[in-house]
Amino acid sequence: MRLRWLLALLIAPALVFGTTPANAANSIRSTKEFRALQTYVSQLEVKKGQPQTAAQIAQYRSELSTRKARVSNKVRALYQQDLKVAKERKSLRQEKVQALKAKKRQTLSTLRKAEQGRLNAIAANRRAELARINTNYTTQLDKLTKQRAKLQAKIAKAKNPVRKQNLQTELKAVQDQINTVSQEKRDDIQVANNKYDDQVEQTKETYDQRIEQATQQADTRIQNLQQRLRELYQSAKQNAQTRRANAFAEVKTVYDRGVGYINEMQPSGNGEQDQ
């Protein structure tokens, strides 16, 4: 019987390890705690049909519970490790969200700078055109103003009523020219201002649309990525919970098998057993 018991101890672990899948490197089955529990249950299986003292049976139950507790603690530790890994991956993936937000800020900044550059160019063109208009009309008005001043001086000196009347007619004609040129100047200035006002309005509308479109596109990408990251984290968390539940179930299965072996042991009253 001693030889049979020793052979069982040697063979049982080999059977247990041989049935462990290769992809279970991170599962509870790959831990020394679970293997120790399985090995101990295999030892109990060998002893199940042998007489045992009450003290020995109690010791078996205590040791089995202790080993189960160790494996259960390992299951919890693996679960916490899974959660830690999931959170670390989530943090790393959040860097992609921050990168998208930075890209959004850069894009909007570029658009606003381009808009301001265009508005500055329009303002410069406006100033240049208004300066040309003022220069052109200033020459004409200065000439007419001088003519008017000379006529006013002649009128003041004229004694002959006829000549004075003729001078006043000339003065009125010059004044009419001044009024006409002044109005033309105002009209040209108004036309120029209207043109550049339209350019400003069109530029603002164009860039408002571009900024709005860029904002919507960036926000959509960010929201989609954030939603995807939440889904990935929740999936990883659920997978960890599933692995934990399956691990506890495996531990219970092995433990229950050990309890069954202990229950099959035959208590002996003389405190001895055949070794």
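Reading guide: rules and limits
Residues numbered from 1 in each chain as written. Predicted model: local features only at pLDDT ≥ 70, side-chain atom pairs only at ≥ 80, totals over all residues. Heavy atoms only, no water. Helix = DSSP H or I, 4+ residues; strand = E, 2+ residues; numbered from the N terminus. Buried < 20%, exposed > 50% of the residue type's maximum accessible area, 1.4 Å probe, protein only. Contact = heavy atoms within 4.5 Å. Areas by Shrake-Rupley, 256 points an atom, 1.4 Å probe, with all protein chains shown as cover. Salt bridge = Lys/Arg side-chain N within 4 Å of Asp/Glu carboxyl O. Phe/Tyr/Trp six-rings, centres within 6.5 Å; stacked < 30°, edge-to-face > 60°. Lys NZ or Arg CZ within 6 Å of the ring centre and 35° of its normal. Expected span 1.5 Å × (residues − 1). Polar contact = N/O pair within 3.5 Å; in protein donor to acceptor, adjacent residues only side chain to side chain. Patch = residues over 30% accessible without salt bridge, like charges linked within 9 Å, V, L, I, M, F, W, Y side chains within 5 Å. Lys, Arg positive; Asp, Glu negative; His and termini not counted. Charge placed at Lys NZ, Arg CZ, Asp CG, Glu CD. Core = buried A, V, L, I, M, F, W, Y, C linked by side-chain atoms within 4.5 Å. Axes fitted to C-alpha atoms, helices over the stretch in contact; angles between N-to-C directions. Parallel < 35°, antiparallel > 145°, perpendicular 65-115°, else oblique. Left-handed = near helix turned anticlockwise from the far one by under 90°. Nonpolar A, V, L, I, M, F, W, Y, C, P; charged D, E, K, R; others polar. pLDDT = per-residue confidence, 0-100.

A count of helical and extended segments in the protein chain gives four helices and two strands. Reading the protein chain from its N terminus to its C terminus gives the helix and strand order α-α-β-α-α-β. Burial status across the protein chain gives 27% buried among its 275 residues. Counted over contacts in the protein chain with a minimum sequence separation of 6, partners at least 24 positions apart contribute 86%. Working note: accessible area of the protein chain is about 18,200 Å², and carbon and sulfur atoms make up 50% of it.

Our focus in this paragraph is the pattern of salt bridges. Applying the stated rule across the entire model yields nine salt bridges. The salt bridge involving Asp-219 is made with Lys-104; its shortest N-O contact spans 2.7 Å. With Asp-219 in helix α4 (residues 161–264) and Lys-104 in helix α3 (residues 54–157), this residue pair connects regions lying 115 residues apart in the sequence. Here Asp-176 makes a salt bridge to Lys-172, at a shortest N to O gap of 3.3 Å. Pair noted here: Asp-176 and Lys-172 are both in helix α4, with a separation of four residues, about one helical turn.

On to the packing of aromatic side chains, then. Overall, the coordinates contain zero aromatic pairs when judged by the stated rule. Stacked on the ring of Tyr-255, the Lys or Arg Lys-68 has its end atom at 4.4 Å from the ring centre. Its end group placed over the ring of Tyr-207, Arg-210 keeps NZ or CZ at 4.9 Å from the ring centre.

The end-to-end C-alpha distance of α4 is 151 Å, a good match for the 154 Å that 104 residues give at a rise of 1.5 Å each. In this structure Asn-160 caps α4, since a side-chain oxygen of it lies 2.8 Å from the backbone nitrogen of Val-162.

Judged by side-chain charge, Asp-198, Glu-201, Glu-205, Asp-208 and Glu-212 come together as a negatively charged surface patch. If you trace the backbone, Asp-208 turns up in helix α4. For Asp-208, a relative accessible area of 44% puts it in the partly exposed group.

Bringing the nonpolar core into the picture now. Most often, soluble globular proteins have nonpolar side chains that are buried together. Core analysis: the biggest nonpolar cluster contains 20 residues, and Ile-28, Leu-37, Leu-44, Leu-64 and Ile-262 have the highest contact counts within it. Put simply, the parts of the chain that give this core at least two residues each are α2 (32–47), α3 and α4. If one sorts the elements of this core by residue count, α4 sits on top with seven residues. Discounting chain neighbours no more than four positions away, the residues touching Leu-64 are Leu-37, Tyr-40, Val-41, Leu-44, Tyr-255, Gly-258, Val-259 and Ile-262.

Glancing now at the packing of α2 against α4. α4 packs onto α2 with a crossing angle of 20° between their chain directions and a minimal axis gap of 9 Å. When the axis of α2 is compared with that of α4, the two are roughly parallel. Here α2 and α4 pass one another in a crossing that is left-handed. Judged by residue contacts, Phe-34, Leu-37, Gln-38, Val-41, Leu-44 and Glu-45 of α2 engage Glu-250, Val-251, Val-254, Arg-257, Gly-258, Tyr-261 and Ile-262 from α4.

This brings us to the packing of α3 against α4. Here α3 crosses α4 at 175°, and the two axes come no closer than 10 Å. If you check the angle between α3 and α4, you find them roughly antiparallel. Across the contact of α3 with α4, the residue classes break down as 48 nonpolar, 22 polar and 33 charged.

In the predicted model, the protein chain carries a mean pLDDT of 86, and the fraction of residues at 70 or more is 88%. Averaged pLDDT values for the elements of the protein chain fall to 38 in helix α1 (residues 2–18) and rise to 94 in α2. Within the model, pLDDT remains below 50 along residues 1–25, and this stretch shows 18 contacts once partners closer than five positions in the same chain are excluded.

Attention now moves to the environment of Val-254. For Val-254, the location among the structural elements is in helix α4. The exposure class assigned to Val-254 is buried, which follows from its relative accessible area of 4%. Here Val-254 is in contact with Phe-34, Leu-37, Gln-38 and Val-41, once residues within four sequence places are set aside.

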